[in-house]
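Single-letter residue listing:
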Amino acid sequence: INRLDKLVFLGDYVDNWLEKIWWHIPEHNPVNTINKVVSYKQNYPAKIDLLLGNHCLSYLSKNPKSKLVSGHQHEHDMEIAQAFLNNIEHFKIAVEYDGWVISHAGFSNTWVNNQKEKGFDPDKENIIDWCNKMLLKKNFHYFDWTGKLSPSGDEVTQTPTWIRPFSLMKDSYFPNQLVGHSETKLAPIFVTNKKTNLILVDSPEHT
């Protein structure tokens, strides 16, 4: 850890499909996992950022559609939600370093502009700061799945914890973004066009 400037966790600390079976095995219990990463951050507060992903926010959301993520542990919904709530001050939606915005899934122009109706004023604050403030205020619904056309979240209207790379490349709010969320065959992958540089770093589980 001392060799690093920053270590950023991109979220989705729970729901690996096996945890539902391993709930009673301490090292695989999702509540223990949440507490473990929080403890790590507490030991190195200046070094570590903990971001939230859609599989985290599904427990904090009141929207039933947000709880339809694959692997959601409905039978332990309240315990996992409470673990996140107990430590919410240690988590963020996004951070920015050296001109790169890091989040679970990414920021689209469309989503950022839609937040103006919810109180975001781009003349007064950065969307990253606003999102992190909304998280601390427990306005979790701002980051719910809101799709109409794509069940996987491949729409420009989707939140920074849900949007997929194809839509993000079409409508990126920031010129340089690093995201997880979408599994790739080979990772990391660098994608670029005339307006956007995107780095995908999620696990290489699927195509």
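Everything here concerns the structure above.
Calculation rules
Residues numbered from 1 in each chain as written. Predicted model: local features only at pLDDT ≥ 70, side-chain atom pairs only at ≥ 80, totals over all residues. Heavy atoms only, no water. Helix = DSSP H or I, 4+ residues; strand = E, 2+ residues; numbered from the N terminus. Rg over C-alpha atoms; globule rule 2.2 N^0.38 Å. Buried < 20%, exposed > 50% of the residue type's maximum accessible area, 1.4 Å probe, protein only. Contact = heavy atoms within 4.5 Å. Areas by Shrake-Rupley, 256 points an atom, 1.4 Å probe, with all protein chains shown as cover. Lys, Arg positive; Asp, Glu negative; His and termini not counted. Charge placed at Lys NZ, Arg CZ, Asp CG, Glu CD. Polar contact = N/O pair within 3.5 Å; in protein donor to acceptor, adjacent residues only side chain to side chain. Salt bridge = Lys/Arg side-chain N within 4 Å of Asp/Glu carboxyl O. Core = buried A, V, L, I, M, F, W, Y, C linked by side-chain atoms within 4.5 Å. Phe/Tyr/Trp six-rings, centres within 6.5 Å; stacked < 30°, edge-to-face > 60°. Disulfide = S-S within 2.5 Å.

**Student:** For the overall build of the protein chain, give the residues involved together with the corresponding values.
**Tutor:** Summing up its helical and strand segments, the protein chain has six helices and eight strands in all. From first element to last, N terminus to C terminus, the protein chain shows the α and β order β-α-β-α-α-β-β-β-α-α-α-β-β-β. Computed over the C-alpha atoms, the radius of gyration of the protein chain is 16 Å, within 12% of the 17 Å expected from 2.2 N^0.38 for a compact globule of 207 residues. Taken along its principal axes, the extent of the C-alpha atoms in the protein chain is 50 × 45 × 40 Å. With 207 residues in all, the protein chain has 49% of them scored as buried. Sequence-distant contacts, at least 24 apart, represent 59% of the contacts inside the protein chain between residues at least 6 apart. A total of about 11,000 Å² of accessible surface is found on the protein chain, and carbon and sulfur atoms cover 54% of it. Where the 22 positive side-chain charges of the protein chain centre and where its 24 negative ones centre are 3 Å apart.

**Student:** Outline unusual backbone geometry, supporting the account with residue identities and numerical values.
**Tutor:** Positive phi values are uncommon outside glycine, yet Asp12 reaches one of about 55°. Mapping Asp12 onto the fold places it in the loop between strand E1 (7-9) and helix H1 (30-43). Look at His181: it is not a glycine, yet its phi comes out positive at around 70°. Along the chain, His181 falls in the loop between strand E6 (176-179) and strand E7 (189-192).

**Student:** Lay out the side chain of His181 in plain terms, naming residues and giving numbers.
**Tutor:** Accessibility expressed as a relative area gives 8% for His181, which makes it buried. Side-chain polar atoms of His181 contact the side chain of His104, separated by 3.1 Å. Sequence-distant contacts of His181, that is, excluding residues within four places in its chain, are made with Asn54, His104, Ala105, Thr161, Trp162, Ile163, Arg164 and Asp202.

**Student:** Break down the pattern of salt bridges for me, citing the residues and quoting the values.
**Tutor:** Where side chains of opposite charge bring their charged atoms close, a pairing between them can arise. Enumeration over the complete set of coordinates arrives at three salt bridges. One salt bridge connects Asp49 with Lys92, and the closest N-O pair in it is separated by 3.8 Å. Taken together, the residues Asp49 in strand E2 (residues 48-51) and Lys92 in strand E3 (residues 91-92) connect sequence positions 43 residues apart. A salt bridge links Asp77 to Lys67; the shortest N-O distance between them is 3.4 Å. With Asp77 in helix H3 (residues 77-86) and Lys67 in the loop between helix H2 (54-60) and H3, the pair connects residues that are 10 residues apart, well separated along the chain. Each member of the pair, Asp77 as well as Lys67, is classed as buried.

**Student:** Can you lay out the nonpolar core for me, pointing to particular residues and giving the numbers?
**Tutor:** Ranked by internal contacts, the top residues of the largest apolar core, which has 37 residues, are Leu52, Phe84, Phe91, Phe107 and Ile127. Every element with two or more residues in this core is listed here: H1, E2, H2, H3, helix H4 (109-114) and helix H5 (127-136). Here the element with the most residues in this core is H5; it accounts for six residues. Grouped together as the second largest cluster of nonpolar side chains are seven residues, Ala105, Ile163, Leu168 and Val179 included.

**Student:** Requested: an account of the packing of aromatic side chains, with residues and values cited.
**Tutor:** Taken as a whole and assessed by the stated rule, the structure comprises 10 aromatic pairs. Consider the rings of Tyr40 and Tyr44, whose centres lie 5.5 Å apart with planes at 80°: the pair is edge-to-face. Owing to a relative accessible area of 31%, Tyr40 belongs among the partly exposed residues under this scheme. We classify Tyr44 as partly exposed; its relative accessible area is 29%. Both rings, one in Trp130 and one in Tyr142, keep their centres 5.3 Å apart while their planes meet at 10°; by these two values the pair is stacked. A residue pair is termed long-range when its members are at least 10 positions apart, and Trp130 in helix H5 and Tyr142 in the loop between H5 and helix H6 (165-170) qualify at 12 residues. Just as Trp130 is buried, Tyr142 falls in that class too.

**Student:** Lay out the state of the cysteines in plain terms, naming residues and giving numbers.
**Tutor:** Following the criterion strictly, the structure yields zero disulfides and no others. Cysteine Cys56 shares no disulfide, and the gap to the nearest cysteine sulfur, in Cys131, comes to 15 Å.

**Student:** Outline the environment of Cys131, supporting the account with residue identities and numerical values.
**Tutor:** With respect to the secondary-structure elements, Cys131 resides in helix H5. Residue classification places Cys131 among the buried positions, given a relative accessible area of 0%. In this structure, the C-alpha to C-alpha distance between Cys131 and Phe120, residues 11 residues apart in sequence, is 9.1 Å. Contacts of Cys131, omitting those with residues within four sequence positions, involve Ile93, Phe107, Trp111 and Phe143.

In short, the description is geometric, and any link to function would need to be established separately.
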